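What the coordinates show
Below, each chain spelled out in residue letters.
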Amino acid sequence: MQSHVCSFCGEGMEPGTGKMFVRKDGSIYYFCSTKCQKNYKLGRIPRRVTWTAAGRKALGKE
């Protein structure tokens, strides 16, 4: 089985859950929830969002 990591928040996803989004240029994004998908669509940067793994790393929490 293949497991994926959310492209926005960085959390692991269980097989059979989440959404896969393919852009016109062929790049593939995996989203664990609609919260992550909508934040990506709004153009938010994961480093600036405090609840993501990249945001926690930027703040020095992890």
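Everything below is about the structure shown above.
Residues numbered from 1 in each chain as written. Predicted model: local features only at pLDDT ≥ 70, side-chain atom pairs only at ≥ 80, totals over all residues. Heavy atoms only, no water.

Some thoughts on a nonpolar patch on the surface
There is a patch of nonpolar side chains on the surface, built from Met20, Val22 and Ile28 and spanning about 290 Å² of accessible area. For isoleucine 28, the position within the fold is in strand β4 (residues 28-31). The exposure class assigned to isoleucine 28 is partly exposed, which follows from its relative accessible area of 44%. (Patch = residues over 30% accessible without salt bridge, like charges linked within 9 Å, V, L, I, M, F, W, Y side chains within 5 Å. Areas by Shrake-Rupley, 256 points an atom, 1.4 Å probe, with all protein chains shown as cover. Salt bridge = Lys/Arg side-chain N within 4 Å of Asp/Glu carboxyl O. Helix = DSSP H or I, 4+ residues; strand = E, 2+ residues; numbered from the N terminus. Buried < 20%, exposed > 50% of the residue type's maximum accessible area, 1.4 Å probe, protein only.)

Here's the deal with the packing of aromatic side chains
Describing an aromatic ring pair means giving the distance of the ring centres and the angle of the ring planes. This model, assessed by the stated rule, comprises 5 aromatic pairs. For the ring pair phenylalanine 8 and tryptophan 51, a centre distance of 5.9 Å and an interplane angle of 45° mean the geometry is tilted. With phenylalanine 8 in the loop between β1 (4-5) and β2 (12-13) and tryptophan 51 in the loop between α1 (34-41) and α2 (53-59), this pair connects stretches of sequence that are 43 residues apart. Aromatic side chains phenylalanine 21 and tyrosine 40 sit 6.4 Å apart centroid to centroid with 65° between the ring planes, which places their arrangement in the edge-to-face category. (Phe/Tyr/Trp six-rings, centres within 6.5 Å; stacked < 30°, edge-to-face > 60°.)

Description of the nonpolar core
Counting residues in hydrophobic clusters, the biggest one holds 7 residues: Cys6, Phe8, Cys9, Tyr29, Phe31, Cys36 and Val49. Excluding residues within four positions of it along the chain, cysteine 36 makes contact with Cys6, Phe8, Cys9, Phe31 and Trp51. (Core = buried A, V, L, I, M, F, W, Y, C linked by side-chain atoms within 4.5 Å. Contact = heavy atoms within 4.5 Å.)

A closer look at the side chain of asparagine 39
Among the secondary structure elements, asparagine 39 is positioned in helix α1. Asparagine 39 gets classed as buried once you look at its relative accessible area, which sits at 8%. Dropping the residues within four chain positions of it, asparagine 39 is found in contact with Phe8, Arg44 and Trp51.

Topic: the pairing of β4
In the sheet, strand β3 (residues 19-22) pairs with β4 via 4 bridges, with the strands oriented antiparallel. Paired with phenylalanine 21 across the bridge in β4 is tyrosine 29. As consecutive antiparallel partners, β3 and β4 are separated by 5 residues, and within that stretch glycine 26 has a phi angle of approximately 95°, a positive value. (Pairing = 2+ DSSP bridges.)

Considering the state of the cysteines
Tallied over the full model, the rule gives 0 disulfides. Free of any disulfide, cysteine 6 has its nearest neighbouring cysteine sulfur in cysteine 9, separated by 3.6 Å. By relative accessible area, which is 4% here, cysteine 6 ends up buried. The structure places no disulfide on cysteine 32, whose sulfur is separated from the nearest cysteine sulfur, that of cysteine 9, by 3.6 Å. (Disulfide = S-S within 2.5 Å.)

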